[in-house]
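Structural characterization, general
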Amino acid sequence: MGKPVRDIRMSFQTLRVLEAFLDNPANQLSGADVQRRSGLASGTLYPILLRLESAGWFVSRWEAIDPVVAGRPRRRLYRLTPSGLSRASETFAIFARGTPT
Amino acid sequence: MKSRNESAWWPRRRDNLARALIQEAACNAPSPLSGRLEEEWLADLREQRGTASRLRFAIGCYWASRVIAHEYLAPSLAAAERGTATGFARYDSSFFSSRMRAILLTVGGHVAVFSALASRWQRTPKLHPSPMEIQFVQVQTALVWVFVLVGAYVIAEVVLRVRSSARRGQ
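The notes below deal with the structure included here. What you see is a predicted model; the values in this text were computed from it and never measured. (Residues numbered from 1 in each chain as written. Chains lettered and ligands numbered in written order. Predicted model: local features only at pLDDT ≥ 70, side-chain atom pairs only at ≥ 80, totals over all residues. Heavy atoms only, no water.)

Core analysis: the largest hydrophobic core is formed by 37 residues, its most contacted members being V17, F21 and F58 of chain A together with W41 of chain B. Breaking this core down by element, the ones donating at least two residues are α1 (12–22), α3 (42–54) and β3 (76–80) of chain A together with α2 (9–28), α3 (31–46) and α4 (51–79) of chain B. Apart from residues lying up to four places away in sequence, W41 of chain B is in contact with Y46 of chain A together with I22, A25, A26, F57, C61, A64, S65 and I68 of chain B. (Core = buried A, V, L, I, M, F, W, Y, C linked by side-chain atoms within 4.5 Å. Buried < 20%, exposed > 50% of the residue type's maximum accessible area, 1.4 Å probe, protein only. Helix = DSSP H or I, 4+ residues; strand = E, 2+ residues; numbered from the N terminus. Contact = heavy atoms within 4.5 Å.)

Structure below.
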């Protein structure tokens, strides 16, 4: 996504998405994977993924497969960036302390 | 007895509907994202189990495309010169055009007024209304509700637009 967004509104749903990635930060997950893990509806999930990507928390890339050989379309995979990981960890730490800044 | 192909007809139709919904949703998304979202959502659609969940997923994507369009366009609109309607007209993400909204509001207003008048007309309610009369009242009530909901949607949209433009103005 080309347009940077100023802030990320840390809603419960956004935390659910981040939690799905924080289980194993090195994981690259597709939207469907995140949906399964977070239990969010697609209407909620994809705007959050794009929001986090445009804010630099995530990067995404196409799955490196040949759709003809694999017999299925390539998926878009999302991954936490190092800064996204630190910000997500920080956010969860703040929520755990119960003292939002 | 139904053959296997015949029994699969309805789920296949629903899958086609889900695909069509996603393609439509992708068209509604901002053009730089449209192709990417279509491919991504169609790939993720394949991972949904069951036709009902695929349909639900597609409806969600449709909703997501409206949200994404709204959010994506807000910064570009802010960047554009205030007072120029060109960017807004090009990227208008509302469900109805301004003309359609005006027509719906006018028709809705008329229906509401006529319904109110018609219900007040008969001051002494009949003890045994005919089935036709009951049906008429039911249709009338349903119409009023439809227009009330459309009116509420339009008002909400106008309020959101005013709020977002006020925020941009700050």
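Still to come is the rest of the account.
Attention now goes to the sheet that holds strand β2 (residues 58–62) of chain A. Spatially, three strands are ordered β1-β3-β2 (chain A) in an open sheet, and the strand pairing comes out antiparallel. Bordering the open sheet on either side are β1 (29–30) and β2 of chain A, each of which pairs with just one other strand. (Pairing = 2+ DSSP bridges.)

To continue, consider the environment of A18 of chain B. Residues and elements named next belong to chain B. Within the fold, A18 resides in helix α2. Along the backbone, A18 and A52 are 34 residues apart, and their C-alpha atoms lie at a distance of 9.4 Å. Once you skip the residues sitting within four places of it in the chain, A18 turns out to touch L45, R54, L55 and A58.

On to the pairing of β3 of chain A, then. All names here are of chain A. By the criterion of burial, β3 is predominantly enclosed, with four of the five residues buried. Here two bridges tie β1 to β3, and the two strands are oriented antiparallel to one another. Note that in β3 the partner of L29 across the bridge is Y78. Where β2 lies against β3, five bridges are found, and the strand directions are antiparallel.

All names here are of chain B. Structurally, S34 can be placed in helix α3. Look at S34 and you get buried, because its relative accessible area is 16%. A polar atom in the side chain of S34 sits 2.7 Å from the backbone oxygen of A26. With sequence-adjacent residues up to four places away left out, S34 is seen in contact with A26, C27 and A29. (Polar contact = N/O pair within 3.5 Å; in protein donor to acceptor, adjacent residues only side chain to side chain.)

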